[in-house]
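# Per-entry structural report
So the chains spell out like this:
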Amino acid sequence: MPDSRPQPPPHPPSSSSFSGPVDPAPLLLCGARLTDGRTVDVRLGGGRIEAVGTAGSLVADGTRACGTRVDLTGYLLLPAPAEPHAHADTALSADAGGPVSYAPQDVRRRTAEAALLQLGHGATALRAHVRVGDVAGLGALTAVLQARRSLRGLADLTTVAMPRVLTGAAGADGLAVLRDAVKMGASVVGGCPDLDPDPTGYVEALLEVASEHGCPVDLHTDASDPARLARFAAMAGGLRPGVVLGPCGGLARLPAEVAARTADRLAANGVTVVCLPQGGCGGVDRRGTPPVRLLRSAGVRVAAGSGALRDVSNPVGRGDPLEAAYLLASRHGLPVEDAYDAVSASARAALGLPEVRVEAGFPAELLAVRGDRLSGALSLAYSRIVVHRGRVVARTSAVREYCGSAAVGDPGLPRQGRGGAP
């Protein structure tokens, strides 16, 4: 008879998830290549990196059982990316037709599917911006928080509560909903002050709630008004645990000297900028990537996120952090190492997460990609193995085959098989 038990949400194509304990048995990653050229074994335990040694050295180490082995020959081992700017409540809704459904079961399913898709790409931590108030009420947030619980052990999902209006006659309702959202479990407060009749008043109200609850702040702004952006930065200066602004595409449309002064103000106030090189999350006229090299040279921490994932804002959004890094390198001129930093170390810092290095003592949040150099990983990173809390949680494998050259005899073409597929 048919199986009527509830089924897990569908996984992305060619990707699989793994269930198991959060505190797994020891895991030994064998023969991985690091960005400095070394080939190493890496032993994981208790959710952290226990040891890193030359290839073969930890297999023979008698100090501890090595547990399960994963052969990473031909793979580059990196700190795992993080996703600092996702929209879980609208993700994967582009093909639905009509208005986006905020029915709890639809939001919960889309959130889980989107998180698994991004986990398959390598993001083991995600920050989801969720609308509260208006049509969504608190239902969308409730559904996203339920999806977060279902993802426990696979990926870490945090939520940003985003009210539409916080000033004027409607502002009182917005503030009440925002405070309720924080009590429910939203760990970050945010929103788009540019849409409020009083943008400065919106930020003042948001910062007040953040101070009450000790929450980080994550604001949407196009940053096309340098005076307003300077006010936001000054208001946010010194706030702990920190303020993030994004996507700030309007900075790229400012005169160079104005953009430079604005970058200096952002740096002086410790504001992080999250850019969205894959297409943003608003209307077409408000898209764009800020001048990332200028921001970095001014001392601004720059992280990169995905924004819209196949919703009306970007129906083809992929949610792939390596694609974001690729675009920062190929289109915006960042060195490859800085581009990957934007989706890994800087993204984790923007989320308030501890640093990850492939060294003993650091969290075991890792991504292995087929290849031997970072530039190749950003260009052709099809095969990936994702490690979260010391456990393999997702694999994506790709095999490329060339079939039947018409040339007579040996055409002299390079041979590519399963061992060398990207």
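If you look the protein chain up in an unreviewed UniProt entry, it shows as Amidohydrolase family protein from Streptomyces fimbriatus.

For the rest of this paragraph, the subject is the overall build of the protein chain. What the protein chain contains, in helices and strands, is 11 helices and 17 strands. Going through the 422 residues of the protein chain one by one, you find that 52% of them count as buried. Entry remark: accessible area of the protein chain is about 18400 Å², with carbon and sulfur atoms responsible for 52%.

Glancing now at unusual backbone geometry. Trans peptide bonds make up most of the peptide bonds, and negative phi angles are found at most residues other than glycine. Cis geometry is found at the peptide bond from G246 to P247, where omega equals -5 degrees. At C248, a residue that is not glycine, the phi angle is positive and equals roughly 60 degrees. Within the element layout of this structure, C248 appears in the loop between β12 (243-247) and α6 (256-268). The exposure class of C248 is buried, given its relative accessible area of 0%.

Its place among the elements puts T262 in helix α6. The class of T262 is buried, set by a relative accessible area of 3%. Polar side-chain contacts of T262 include one of 2.9 Å to the backbone oxygen of V258. Beyond its immediate chain neighbours, meaning those up to four positions away, T262 contacts P226, L229 and L251.

What follows covers the nonpolar core. Counting residues in hydrophobic clusters, the biggest one holds 81 residues, and the most contacted among them are V189, V217 and L266. V217 has contacts with V188, V189, L206, L207, A210, L239, G242, V243 and V244, leaving out every residue within four places of it along the chain. Judged by nonpolar contacts, the second largest core, of 20 residues, contains L34, V40, A364 and V387.

Right, let's talk about the pairing of strand β2 (residues 27-33) for a bit. The buried fraction of β2 is high, at six of seven residues. Of the strand pairs in this sheet, β2 and strand β3 (residues 39-45) are connected by five bridges, and their pairing is antiparallel. Its bridge partner being in β3, A32 is matched across the sheet by V40. Looking at chain direction, β2 and strand β5 (residues 68-71) are connected through four bridges and run parallel. The residue bridging L27 from the neighbouring strand is T68, located in β5.

A few words on the environment of A252. Tracing the backbone shows A252 in the loop between β12 and α6. Of the residues examined, A252 reaches a relative accessible area of 45% and is grouped as partly exposed. Along the sequence, A252 and S224 sit 28 residues apart, while their C-alpha atoms lie 8.5 Å from each other. Not counting the four nearest positions on each side in its chain, A252 is found in contact with T289, P290 and P291.

Let us now look at the pairing of strand β15 (residues 366-370). Of all the five residues making up β15, five are buried; the element is thus mostly covered by neighbouring parts of the structure. Of the two faces of β15, both are covered, the one formed by L366, A368 and R370 as well as the one formed by L367 and V369. Relative to β15, strand β6 (residues 75-79) is paired through five bridges, and the arrangement is antiparallel. Looking at β15, one finds that P79 is bridged to L366.

On to the pattern of salt bridges, then. Any two side chains of opposite charge can pair, on the condition that their charged atoms come close. Summed over all chains, the structure comprises 18 salt bridges. One salt bridge in this structure joins D106 and R109, with 3.8 Å as the shortest N-O distance. Taken together, the positions of D106 and R109, both in helix α1 (residues 104-121) and three residues apart, correspond to about one turn of that helix. Close ionic contact of R373 with D372 constitutes a salt bridge, the shortest N to O distance being 3.4 Å. The exposure class assigned to R373 is exposed, which follows from its relative accessible area of 52%. One connected set of salt bridges, linked through shared partners, spans R318, D320, E323 and R384.

Before going further, it helps to spend a moment on the side chain of T289. In this fold, T289 is placed in the loop between β13 (272-275) and α7 (292-298). Judged by relative accessible area, which is 12%, T289 ranks as buried. Not counting residues up to four positions away in its chain, the partners in contact with T289 are G249, A252, C275, L276, P277, L328 and H332.

A few words on the sheet that holds strand β14 (residues 302-304). With respect to topology, eight strands assemble into an open sheet ordered β7-β8-β9-β10-β11-β12-β13-β14, the strand pairing being parallel. For this open sheet the edge positions go to β7 (83-86) and β14, each flanked by a neighbour on one side alone. On average, each strand axis in the sheet is inclined to that of its neighbour by 25 degrees, with strand direction left out of account. In the sheet, strand β11 (residues 217-221) pairs with β12 via five bridges, with the strands oriented parallel. Residue pairing for β12: T221 is matched across the bridge by P247.

Remark: α1 packs on helix α2 (residues 139-150), axes separated minimally by 8 Å, with the N-to-C direction vectors making an angle of 40 degrees. Taken together, the axis directions place α1 and α2 in an arrangement best described as oblique. Classified by chirality, the crossing of α2 by α1 is right-handed. On α2, the residues touching P104, V107, R108, T111 and A112 of α1 are A140, A143, V144, Q146 and A147.

The rules behind these values
- Residues numbered from 1 in each chain as written.
- Predicted model: local features only at pLDDT ≥ 70, side-chain atom pairs only at ≥ 80, totals over all residues.
- Heavy atoms only, no water.
- Helix = DSSP H or I, 4+ residues; strand = E, 2+ residues; numbered from the N terminus.
- Buried < 20%, exposed > 50% of the residue type's maximum accessible area, 1.4 Å probe, protein only.
- Areas by Shrake-Rupley, 256 points an atom, 1.4 Å probe, with all protein chains shown as cover.
- Polar contact = N/O pair within 3.5 Å; in protein donor to acceptor, adjacent residues only side chain to side chain.
- Contact = heavy atoms within 4.5 Å.
- Core = buried A, V, L, I, M, F, W, Y, C linked by side-chain atoms within 4.5 Å.
- Pairing = 2+ DSSP bridges.
- Salt bridge = Lys/Arg side-chain N within 4 Å of Asp/Glu carboxyl O.
- Axes fitted to C-alpha atoms, helices over the stretch in contact; angles between N-to-C directions.
- Parallel < 35°, antiparallel > 145°, perpendicular 65-115°, else oblique.
- Left-handed = near helix turned anticlockwise from the far one by under 90°.

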